[in-house]
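Listed below, chain by chain, are the residues.
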Amino acid sequence: MKCIIPGANLKIFARAIHSLSKIGDEIYLEALPDGLSMRTVNSSRSAYACFKFVPTFFLKYDGPCDTQKNTNDSSVSKCKITTKSCLTVFKSLVTLEKTVERCRLVLDVELDRLVFQLHCKHGIVKTYNLSFIECENLQAVFSKDFSPNVLVSQSRLFHDVVANFQSGQEEITLSVTPERVTIRNYIDDEPEPQKVIRTELSLMPEEFENYRVGVDTEVTFCLKELRALLSFSESSNLPLSMYFESAGRPIILALDSDPSFEANFVLATLADTGTQVSSSQQSVKPLVSKGAAASKKNQPGRVKLPQTRKPPSVEAKTKKGGVSLQRKLSDTFGPKQSSSRMMSEFESTTNGSETVKKSNLDESALKEVDIADVSTAFEENNGTSTSCINEQSKNLPAKPNEVTAGQIGKRLLPSASDKPGSIVDGASPVIPAQHTAFEKVVPTHSKPAVCESNASEDDETDDDDLVPGTPPSKRFRSLFFGVSQSTTSDSQPTTHPPPVVLAEDSEDENDD
Amino acid sequence: MALSTQDSDDDSHYVLVAKLDNARNMTTMLKAIHFKDTAIVFASENGLKVTVEDAKCVLANAFIQSELFQQYQLRVEQITFSINLTVLMECLNIFGAASQPSSATSLKMCYEGYGHPLVLMLEDSGVLTDCSIKTQESNETLDFNFNSANVVNKIIIKSECLKEAFSELDMTSEVLEILMSPDKPHLRLSTFGNAGTIQSDFPKDSEMVEQFLCSERTVNRYKIVLLKPSVKALMVSMRTSIRTDNRGFLSMQYMIKMDDGQICFAEYFCSPDEDFDAS
């Protein structure tokens, strides 16, 4: 891999690296015949970013076929490098713009170094010999063409929208109808939901360059990644496109108007109110059919909050009536497929087949291990997903305040104690049956479906055993939980605040 | 406004009296070498020399020549005392670090002799401040014995291009390697950090290089933590002279321009990082 970037384009290249560094810790570089691609994925595998630079972006571009004849051609044209190392080269954008005339990038296999050579003014040459790691492909499978919803506008518009949200805001919800699009902040599990600032703004279709809403939907995704993309695009004010379908399906943010490069950010979206984890799918069906009577007593412990966490979306559904219910059903099953697909999409097969060539940083090596461990942890922690859901159930007492429509209220109460999927059922009270169902299934943690049941002592024990010292960090939890779709089956498990889990335990005992 | 009201007779018991219309000149020079709390002040008929040293490996001097002062009186040949540089800087900046051309802080520095404190009188827009800073005996000053005669390589370069290289030095590297050679690369600064090896090459024919006198190829390594403070002086300087002698000792001299156009010099000496495993 060998290419030369002219000074004029170097700013774009540097901004891309800064943007990628905000997403993940490693950049996968690959020189393909049709261009140089830089990809990264975040640690929870819920966000994928890819920048692709076509050969015309460079002064000179030698693709993989032109590189020296080495044993394995593929190893020559792609590598993985830590973003920290990359940032040492492109640290100061201002200086780069002022002094650098061109940048030469060479993947030197003999020396095992990725070499950035900045030719600056006055004949000064700065050479950065960075260690890289051999890697496999990082590929995400996504399709923009089949997205029913497309929003395209200048990035300045999105930047202005995002500026309205607090800097600490983790996730935002985008709801679209043919008449308008509403963006509001997403309230995660909060101890005092009444005291949380809510921000909401609406835009008319006229504000967008292209506004196509095929399916009225609501998607929730992480704001941090959008900000990362905007930091890249706002200076050049390129048109930013959003391709999405429905909650649970990934949303793709793309800058595809410039001929010389292309950026794609694929973000996981929060699964719809019915299901937080794919594992819930299996349990949803039987419970829905049970149609057990909902217990009118408000048992916080029984409350299945995922759907109640989003009263606004619930309201939206009621407006649509039966249709939405139907859709909910499909949605509940939909996300599962998407989540598992997302999982495979993001699989970079690094876990097994990676050889750390000269890992400059120990943490790079650790990162591989971490991903593997996390994946397995997720498998093991299926049981803890419910405890996560249950702790949100604590919010239920506050939630009903937001619910106005009687139908919603009716639906909420039963669903409060229902399994997440049961909201689909509408007013059918399901709790007691679920309760029994849960009790039955609880002991057998092996199946994810099982674990969807209320947190039992066993679940919590598992949780405690697996993650004995889980820090009660909400933010961490919401990062996993909030964008759980793309991770392995259950993403919530590892990070619950222990105190909440313990509270859950006592209630279970009472019920028993 | 200068403190012209001061009667010179009152100064008769002072061994050193120095008046400066713009105290900023002094603060700029002292800031360039302020990386340790203690400094040694050496006053002679030529002016003041303030020295700061660290770990017996690095030494910095700031020269404030007598011509810079509006009045400079020294009743003895030379005097030396040690003082807390941090406190001195704070006193000099007592009217605020930001300076406006209209209201410059004027300074009168007095020293009675061995055992007496250093007395400062600062005036700004009619407000007068008196400072009395305790002095200490000066320890043996470190002398690297850096002779011009032993200089092997010398490069004079505009500080502009060095500023960037030095401020972006990879601090995860333990050493900074300076290579000077009559052949390419003429001047190379290298660091070996966690990210990898970073090299900055400066060709001798660049318009940034004003003088290039290299007789032989020398490669020397210096501990980066020792050299990092020199960036302070580099930032305010216009020109830098880099010299190494036959022992590998590094001398960096910085030409600093004052607000009123006068030139002062600061210099850093650093001992090389040796590998002792071979012998």
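Here the structure is shown first, and the text comes after it.
None of these values were measured; they are calculated from a predicted model.

**Side note on the overall build of chain B**
Turning to step 1, where the next piece is worked out: In terms of regular secondary structure, chain B is built from 5 helices and 19 strands.
Turning to step 2, where the next piece is worked out: Expressed as a percentage of its 279 residues, the buried residues of chain B come to 54%.
Turning to step 3, where the next piece is worked out: Of the contacts made within chain B by residues no fewer than 6 positions apart, 66% connect residues no fewer than 24 positions apart.
Turning to step 4, where the next piece is worked out: When the accessible surface of chain B is summed, it comes to about 13,000 Å², and 47% of that surface belongs to carbon and sulfur atoms.

**A look at the packing of helix 1 (residues 23-32) of chain B against helix 2 (residues 85-92) of chain B**
Residue and element names in this part refer to chain B.
Turning to step 1, where the next piece is worked out: Running from N to C, helix 1 and helix 2 cross one another at 150°; their axes reach a closest spacing of 10 Å. As summarised for this structure, helix 1 and helix 2 are arranged roughly antiparallel, according to the angle between their axes. You can see that helix 1 and helix 2 cross each other, and the crossing is left-handed. Across the interface between the two elements, Met 26, Thr 27, Leu 30 and Lys 31 from helix 1 touch Leu 85, Leu 88, Met 89 and Leu 92 from helix 2.
Turning to step 2, where the next piece is worked out: Looking at side-chain class alone, the contact of helix 1 with helix 2 contains 6 nonpolar, 1 polar and 1 charged residues.

**Side note on the interface of chain B and chain A**
Turning to step 1, where the next piece is worked out: At the junction of the two partners, chain B supplies 16 residues and chain A supplies 18 residues.
Turning to step 2, where the next piece is worked out: Contact between chain B and chain A buries roughly 1,500 Å² in total, counting both sides, with carbon and sulfur atoms accounting for 49%.
Turning to step 3, where the next piece is worked out: In terms of surface lost to chain A, no three residues of chain B exceed B:Glu164, B:Glu168 and B:Ala195, which account for 33% of the buried area on that side.
Turning to step 4, where the next piece is worked out: Where chain B touches chain A, the interface holds 1 salt bridge.

**Comments concerning the sheet that holds strand 13 (residues 187-192) of chain B**
In a beta sheet, neighbouring strands are held together by backbone hydrogen bonds and run either parallel or antiparallel to one another.
Turning to step 1, where the next piece is worked out: Here 9 strands make up an open sheet; going across it, the order is 5(A)-1(A)-7(A)-8(A)-9(A)-14(B)-13(B)-12(B)-16(B) and the pairing antiparallel. Two strands close off the open sheet at either side, each with one partner strand: strand 5 (60-62) of chain A together with strand 16 (218-223) of chain B. Strand-to-strand, the axes of this sheet are offset by a mean angle of 15°, without reference to chain direction.
Turning to step 2, where the next piece is worked out: Strands in contact with helix 1 (residues 7-23) of chain A are strand 1 (2-6), strand 7 (100-108) and strand 8 (113-120) of chain A; relative to strand 1 of chain A, the strand with the most contacts, it is inclined by about 105°.
Turning to step 3, where the next piece is worked out: Strands in contact with helix 3 (residues 159-167) of chain B are strand 9 (125-131) of chain A together with strand 12 (175-180), strand 13 and strand 14 (196-202) of chain B; relative to strand 14 of chain B, the strand with the most contacts, it is inclined by about 175°.

**A word on the side chain of A:Ser19**
Residue and element names in this part refer to chain A.
Turning to step 1, where the next piece is worked out: Here Ser 19 lies in helix 1.
Turning to step 2, where the next piece is worked out: Here Ser 19 falls in the buried class, since its relative accessible area comes to 0%.
Turning to step 3, where the next piece is worked out: Among residues more than four places away in sequence, those in contact with Ser 19 are Phe 51, Ala 228, Leu 229, Ser 231, Phe 232 and Phe 265.

**Here we look at unusual backbone geometry**
Turning to step 1, where the next piece is worked out: Residue B:Pro185 is reached from B:Lys184 by a cis peptide bond, and omega for that bond is -15°.
Turning to step 2, where the next piece is worked out: In this structure, A:His122 is a non-glycine residue whose phi angle is positive, near 60°.
Turning to step 3, where the next piece is worked out: Relative to the helices and strands, A:His122 is located in the loop between strand 8 and strand 9.
Turning to step 4, where the next piece is worked out: Classification of A:His122 as partly exposed rests on a relative accessible area of 23%.
Turning to step 5, where the next piece is worked out: Positive phi, normally seen in glycine, also occurs at B:Asn145, with a value near 55°.
Turning to step 6, where the next piece is worked out: Within the secondary structure, B:Asn145 is located in the loop between strand 10 (135-136) and strand 11 (151-158).

**Digging into the pattern of salt bridges**
Residues and elements named next belong to chain A.
Turning to step 1, where the next piece is worked out: Tallying each qualifying case throughout the model produces 22 salt bridges over all chains.
Turning to step 2, where the next piece is worked out: The shortest N-O distance in the salt bridge between Glu 26 and Lys 80 comes to 3.4 Å. Taken together, the residues span a long stretch of sequence, with Glu 26 in strand 2 (residues 26-32) and Lys 80 in strand 6 (residues 78-82) at a distance of 54 residues. Of the two residues, Glu 26 and Lys 80, neither departs from the other in class, the shared state being buried.
Turning to step 3, where the next piece is worked out: Residues Asp 62 and Lys 60 are paired through a salt bridge, measuring 3.5 Å at the closest nitrogen-oxygen approach.
Turning to step 4, where the next piece is worked out: Judged by relative accessible area, Asp 62 falls into the buried class, the value being 16%.
Turning to step 5, where the next piece is worked out: Since its relative accessible area comes to 42%, Lys 60 is described here as partly exposed.
Turning to step 6, where the next piece is worked out: The structure contains a network of salt bridges with shared partners spanning Lys 144, Asp 256 and Glu 262.

**Overview of the environment of B:Val209**
Residue and element names in this part refer to chain B.
Turning to step 1, where the next piece is worked out: Here Val 209 is to be found in strand 15 (residues 209-214).
Turning to step 2, where the next piece is worked out: For Val 209, a relative accessible area of 13% translates into the label buried.
Turning to step 3, where the next piece is worked out: Sequence separation of Val 209 and Lys 158 is 51 residues, and the distance between their C-alpha atoms is 6.3 Å.
Turning to step 4, where the next piece is worked out: When sequence neighbours within four positions are dropped, the list of residues in contact with Val 209 reads Ile 155, Ile 156, Ile 157, Pro 203 and Lys 204.

The rules behind the values
Residues numbered from 1 in each chain as written. Chains lettered and ligands numbered in written order. Predicted model: local features only at pLDDT ≥ 70, side-chain atom pairs only at ≥ 80, totals over all residues. Heavy atoms only, no water. Helix = DSSP H or I, 4+ residues; strand = E, 2+ residues; numbered from the N terminus. Buried < 20%, exposed > 50% of the residue type's maximum accessible area, 1.4 Å probe, protein only. Contact = heavy atoms within 4.5 Å. Areas by Shrake-Rupley, 256 points an atom, 1.4 Å probe, with all protein chains shown as cover. Axes fitted to C-alpha atoms, helices over the stretch in contact; angles between N-to-C directions. Parallel < 35°, antiparallel > 145°, perpendicular 65-115°, else oblique. Left-handed = near helix turned anticlockwise from the far one by under 90°. Nonpolar A, V, L, I, M, F, W, Y, C, P; charged D, E, K, R; others polar. Buried area = accessible area lost by both parts, 1.4 Å probe. Salt bridge = Lys/Arg side-chain N within 4 Å of Asp/Glu carboxyl O. Pairing = 2+ DSSP bridges.

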